[in-house]
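Below, each chain spelled out in residue letters.
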Amino acid sequence: NGMTVWSKRKPDSSQLNWTPVFADVSRAGDMGYTTGPWNYKVKRTDAMPAAYGEYNTVWIKEPGKDWKVFIDLGVAHPLAGPDHQASLSAIKSLPANDITVAQKESSNAENGLINDINKDGETKAIQDVLSSEAYLVRPAHFTFYGVDSMHKYFVNAAEIKYQYELSGTRLAASGDMAAFYGKIKAIKSVEDGSSKILTGNYLRVWKKEKEAGWKVVLDVADYR
């Protein structure tokens, strides 16, 4: 329960800074997401941050109310990443005529991808469903944007096997954007031939693009 966790935190002298570099929103204007870099200072007066990473937030908006955070998941990496010019999605979505159909389509897409990854690995399964605007976020890496950079990552990370377990979902009222989240296991091979299991959480946002259909626009996995 996010509200419970944050209400128990006590004020201190640390400072967390973050900046959105990309954003998109559903046609209904009730759901969207932002992604970008963050940095953390142990004390606000520190000259340099002590940690860096990438944050990802799914936002929802009820009629007549302000935007609220639905889910927030980020990763850490060792250094400050390259600067990116802020931008918005350039791909139009396709609103659904029937919200029930959209819910079924998006759920089938997510569950199908999970089954394929759990069976055959991420490298083969996910690349076929990535949007040309997709952001791929993994721990200890700068965010990957663009199919070419992601392909290089998948080739080098082929030794990592993932197991996904879906926990929940949220669908925009227009049926053109859906967020899924849950648990993840990352099974890494180590030098002595054994395996190391890391656990964490994942967040995946799908968008029904006007020309391409349901595509993954944001894929975040944080494990340790």
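For the structure itself, consult the block above.
Below you will find a few notes about this structure. (Residues numbered from 1 in each chain as written. Predicted model: local features only at pLDDT ≥ 70, side-chain atom pairs only at ≥ 80, totals over all residues. Heavy atoms only, no water.)

1. A few points about the sheet that holds strand β8 (residues 130–137)
With respect to topology, six strands assemble into an open sheet ordered β9-β8-β13-β12-β11-β10, the strand pairing being mixed. With partners counted over all chains shown, the strands left at the sheet margins are β9 (144–145) and β10 (160–171), one partner each. In the sheet, β10 pairs with strand β11 (residues 177–189) via 11 bridges, with the strands oriented antiparallel. Within β11, the position partnered with Thr169 by the bridge is Phe180. Here helix α2 (residues 99–120) sits on the sheet in contact with β10, β11, β12 (195–209) and β13 (213–223), set at roughly 165° to β10. (Pairing = 2+ DSSP bridges. Helix = DSSP H or I, 4+ residues; strand = E, 2+ residues; numbered from the N terminus. Contact = heavy atoms within 4.5 Å. Axes fitted to C-alpha atoms, helices over the stretch in contact; angles between N-to-C directions.)

2. Section: α2
Its 22 residues place the ends of α2 31 Å apart at the C-alpha level, agreeing with the 32 Å of an ideal helix rising 1.5 Å per residue. Among the structural elements, α3 (122–126), β10, β11, β12 and β13 are those in contact with the buried residues of α2. A distance of 2.9 Å separates the backbone nitrogen of Thr100 from a side-chain oxygen at the start of α2, and that oxygen is part of Asp98. Backbone geometry just downstream of α2 places Gly121 in the positive-phi region, at approximately 100°. (Expected span 1.5 Å × (residues − 1). Polar contact = N/O pair within 3.5 Å; in protein donor to acceptor, adjacent residues only side chain to side chain.)

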